[in-house]
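Here is how the chains run, residue by residue.
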Amino acid sequence: METVTTERRRIAVDQAVQSSAQEFVTASTSRHIASMHAVFDDDRTVQLPSALVDVVTQAIEALSTGAAVTAMALPRELSTTVAADLLGVSRPTLMKMIGRGEISAHKVGSHHRLVRDDVFALRRDRQIARAAATHELLVAGEAFD
(Lines give C-alpha, C1' and ligand atoms only; values in the text may rest on other atoms or scores of the structure.)
Protein backbone atom coordinates (compact mmCIF):
# COMPACT_ATOMS: atom_id res chain seq x y z
CA MET A 1 0.00 0.00 0.00
CA GLU A 2 1.44 3.38 -1.06
CA THR A 3 1.31 6.16 1.50
CA VAL A 4 0.97 9.71 0.24
CA THR A 5 1.96 12.44 2.66
CA THR A 6 1.83 16.17 2.36
CA GLU A 7 3.69 18.75 4.37
CA ARG A 8 2.17 22.12 5.18
CA ARG A 9 3.95 25.02 6.78
CA ARG A 10 2.08 28.18 7.62
CA ILE A 11 4.07 31.41 7.56
CA ALA A 12 3.06 33.76 10.34
CA VAL A 13 2.03 37.17 9.08
CA ASP A 14 2.53 39.82 11.72
CA GLN A 15 2.40 43.56 11.09
CA ALA A 16 6.17 43.80 10.57
CA VAL A 17 6.14 41.08 7.88
CA GLN A 18 3.16 42.65 6.16
CA SER A 19 4.78 46.11 6.23
CA SER A 20 8.04 44.76 4.79
CA ALA A 21 6.12 42.95 2.07
CA GLN A 22 4.15 46.11 1.26
CA GLU A 23 7.42 48.09 0.95
CA PHE A 24 8.80 45.44 -1.42
CA VAL A 25 5.66 45.47 -3.58
CA THR A 26 5.60 49.26 -3.68
CA ALA A 27 9.28 49.39 -4.70
CA SER A 28 8.75 46.81 -7.44
CA THR A 29 5.55 48.30 -8.91
CA SER A 30 5.67 48.51 -12.72
CA ARG A 31 8.98 46.68 -12.79
CA HIS A 32 9.94 43.11 -13.56
CA ILE A 33 12.12 41.48 -10.92
CA ALA A 34 15.02 40.11 -12.94
CA SER A 35 16.87 38.26 -10.18
CA MET A 36 17.10 37.51 -6.48
CA HIS A 37 20.01 36.32 -4.43
CA ALA A 38 20.18 34.33 -1.21
CA VAL A 39 23.03 35.19 1.14
CA PHE A 40 23.92 32.40 3.57
CA ASP A 41 25.34 32.79 7.05
CA ASP A 42 28.82 31.94 5.69
CA ASP A 43 28.52 34.90 3.26
CA ARG A 44 28.10 32.60 0.27
CA THR A 45 25.64 34.03 -2.28
CA VAL A 46 23.47 32.02 -4.66
CA GLN A 47 21.29 33.46 -7.41
CA LEU A 48 17.74 32.08 -7.46
CA PRO A 49 16.48 30.65 -10.76
CA SER A 50 13.82 32.79 -12.44
CA ALA A 51 11.07 30.25 -11.65
CA LEU A 52 11.85 30.60 -7.94
CA VAL A 53 11.92 34.39 -8.25
CA ASP A 54 8.31 34.21 -9.49
CA VAL A 55 7.28 31.97 -6.58
CA VAL A 56 8.93 34.21 -3.99
CA THR A 57 7.45 37.33 -5.59
CA GLN A 58 3.94 35.85 -5.52
CA ALA A 59 4.36 34.90 -1.86
CA ILE A 60 5.54 38.41 -0.97
CA GLU A 61 2.63 39.96 -2.87
CA ALA A 62 0.19 37.75 -0.94
CA LEU A 63 1.87 38.58 2.37
CA SER A 64 1.61 42.30 1.59
CA THR A 65 -2.19 42.01 1.69
CA GLY A 66 -2.12 40.23 5.05
CA ALA A 67 -3.01 36.89 3.49
CA ALA A 68 -1.68 33.70 5.02
CA VAL A 69 0.75 31.83 2.80
CA THR A 70 0.89 28.05 2.95
CA ALA A 71 3.73 26.07 1.43
CA MET A 72 2.85 22.49 0.52
CA ALA A 73 5.04 19.72 -0.81
CA LEU A 74 2.88 17.47 -2.95
CA PRO A 75 3.96 14.32 -4.77
CA ARG A 76 3.23 13.88 -8.48
CA GLU A 77 0.40 11.45 -7.70
CA LEU A 78 -2.25 12.24 -5.11
CA SER A 79 -4.64 10.11 -3.14
CA THR A 80 -8.34 10.83 -3.54
CA THR A 81 -8.42 12.27 0.00
CA VAL A 82 -5.67 14.80 -0.74
CA ALA A 83 -7.11 15.64 -4.17
CA ALA A 84 -10.61 16.16 -2.73
CA ASP A 85 -9.16 18.48 -0.08
CA LEU A 86 -7.35 20.54 -2.73
CA LEU A 87 -10.53 20.79 -4.81
CA GLY A 88 -12.68 21.69 -1.82
CA VAL A 89 -15.03 18.77 -2.34
CA SER A 90 -15.78 15.64 -0.37
CA ARG A 91 -14.09 12.38 -1.31
CA PRO A 92 -17.43 10.84 -2.44
CA THR A 93 -18.01 13.87 -4.69
CA LEU A 94 -14.54 13.46 -6.17
CA MET A 95 -15.24 9.77 -6.83
CA LYS A 96 -18.41 10.81 -8.72
CA MET A 97 -16.37 13.33 -10.72
CA ILE A 98 -13.92 10.58 -11.63
CA GLY A 99 -16.83 8.33 -12.63
CA ARG A 100 -18.27 11.06 -14.88
CA GLY A 101 -14.87 11.61 -16.50
CA GLU A 102 -14.47 15.18 -15.20
CA ILE A 103 -10.97 14.25 -14.04
CA SER A 104 -8.85 11.25 -14.87
CA ALA A 105 -7.52 8.82 -12.30
CA HIS A 106 -5.78 5.49 -12.35
CA LYS A 107 -5.77 2.62 -9.90
CA VAL A 108 -2.87 1.52 -7.77
CA GLY A 109 -4.08 -1.73 -6.29
CA SER A 110 -7.59 -0.95 -5.13
CA HIS A 111 -6.94 2.78 -4.64
CA HIS A 112 -7.41 5.61 -7.11
CA ARG A 113 -4.58 8.07 -7.73
CA LEU A 114 -4.76 11.41 -9.52
CA VAL A 115 -2.00 13.38 -11.20
CA ARG A 116 -1.26 16.55 -9.22
CA ASP A 117 -1.22 18.77 -12.34
CA ASP A 118 -4.66 17.45 -13.38
CA VAL A 119 -6.04 18.32 -9.94
CA PHE A 120 -4.63 21.85 -10.07
CA ALA A 121 -5.94 22.32 -13.63
CA LEU A 122 -9.43 21.26 -12.53
CA ARG A 123 -9.21 23.53 -9.48
CA ARG A 124 -8.25 26.48 -11.72
CA ASP A 125 -11.10 25.66 -14.15
CA ARG A 126 -13.58 25.49 -11.28
CA GLN A 127 -12.37 28.85 -9.93
CA ILE A 128 -12.78 30.43 -13.38
CA ALA A 129 -16.28 28.96 -13.71
CA ARG A 130 -17.25 30.27 -10.25
CA ALA A 131 -15.93 33.74 -11.13
CA ALA A 132 -17.93 33.71 -14.37
CA ALA A 133 -21.08 32.60 -12.55
CA THR A 134 -20.60 35.34 -9.95
CA HIS A 135 -20.20 37.91 -12.72
CA GLU A 136 -23.38 36.68 -14.42
CA LEU A 137 -25.28 37.02 -11.12
CA LEU A 138 -24.00 40.57 -10.66
CA VAL A 139 -25.03 41.49 -14.21
CA ALA A 140 -28.45 39.90 -13.70
CA GLY A 141 -28.85 41.75 -10.40
CA GLU A 142 -28.01 45.07 -12.05
CA ALA A 143 -30.85 44.49 -14.54
CA PHE A 144 -33.29 44.68 -11.61
CA ASP A 145 -31.93 47.99 -10.34
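Scroll up to find the structure this text is about.
Residues numbered from 1 in each chain as written. Predicted model: local features only at pLDDT ≥ 70, side-chain atom pairs only at ≥ 80, totals over all residues. Heavy atoms only, no water.

Caption draft 1: Layout of the packing of helix H3 (residues 80-87) against helix H5 (residues 116-143). Running from N to C, H3 and H5 point in directions that differ by 25 degrees, and their axes come no closer than 9 Å. Here H3 is positioned roughly parallel relative to H5, judged by the angle of their axes. You can see that H3 and H5 cross each other, and the crossing is right-handed. Residue-level contacts link Ala83, Leu86 and Leu87 of H3 to Val119, Phe120, Leu122, Arg123 and Arg126 of H5. Class assignment for the residues of the contact of H3 with H5 results in six nonpolar, no polar and two charged. (Axes fitted to C-alpha atoms, helices over the stretch in contact; angles between N-to-C directions. Helix = DSSP H or I, 4+ residues; strand = E, 2+ residues; numbered from the N terminus. Parallel < 35°, antiparallel > 145°, perpendicular 65-115°, else oblique. Left-handed = near helix turned anticlockwise from the far one by under 90°. Contact = heavy atoms within 4.5 Å. Nonpolar A, V, L, I, M, F, W, Y, C, P; charged D, E, K, R; others polar.)

Caption draft 2: Spatial organisation of the pairing of strand S7 (residues 111-115). Note that strand S5 (residues 77-79) and S7 share three bridges and pair antiparallel. For Glu77, the partnering residue across the bridge sits in S7 and is Val115. Where strand S6 (residues 106-108) lies against S7, three bridges are found, and the strand directions are antiparallel. Bridge assignment links Lys107 to a residue of S7, and that residue is His112. Remark: two residues form the turn of the hairpin made by S6 and S7, two consecutive strands paired antiparallel; Gly109 in that turn has positive phi of roughly 70 degrees. (Pairing = 2+ DSSP bridges.)

Caption draft 3: Main features of unusual backbone geometry. Phi at Ser30 takes a positive value of approximately 65 degrees, unusual for a residue other than glycine. Inspection of the secondary structure assignment puts Ser30 in the loop between helix H1 (15-28) and strand S2 (37-39). Residue Asp43 is not a glycine yet carries a positive backbone phi of 70 degrees. Counting through the fold element by element, Asp43 comes out in the loop between S2 and strand S3 (45-47).

Caption draft 4: Fine view of the pattern of salt bridges. Applying the stated criterion across every chain yields a total of four salt bridges. Two residues, Arg116 and Asp117, come together in a salt bridge whose shortest N-O distance is 3.6 Å. A relative accessible area of 24% means that Arg116 is categorised as partly exposed. Measuring nitrogen to oxygen at the nearest pair gives 3.9 Å for the salt bridge that ties Arg124 to Asp125. Owing to a relative accessible area of 45%, Arg124 belongs among the partly exposed residues under this scheme. The exposure class assigned to Asp125 is partly exposed, which follows from its relative accessible area of 42%. (Salt bridge = Lys/Arg side-chain N within 4 Å of Asp/Glu carboxyl O. Buried < 20%, exposed > 50% of the residue type's maximum accessible area, 1.4 Å probe, protein only.)

Caption draft 5: Inspection of the sheet that holds S5 at higher detail. With antiparallel pairing, three strands are arranged side by side in an open sheet as S5-S7-S6. Looking at strand neighbours, the two that pair on one side only are S5 and S6, the edges of this open sheet. Looking at each pair of strands side by side, their axes are set apart by 50 degrees on average, direction ignored. In the packing of H5 onto the sheet, the strands contacted are S5 and S7, and the crossing angle to S7 comes to about 70 degrees.

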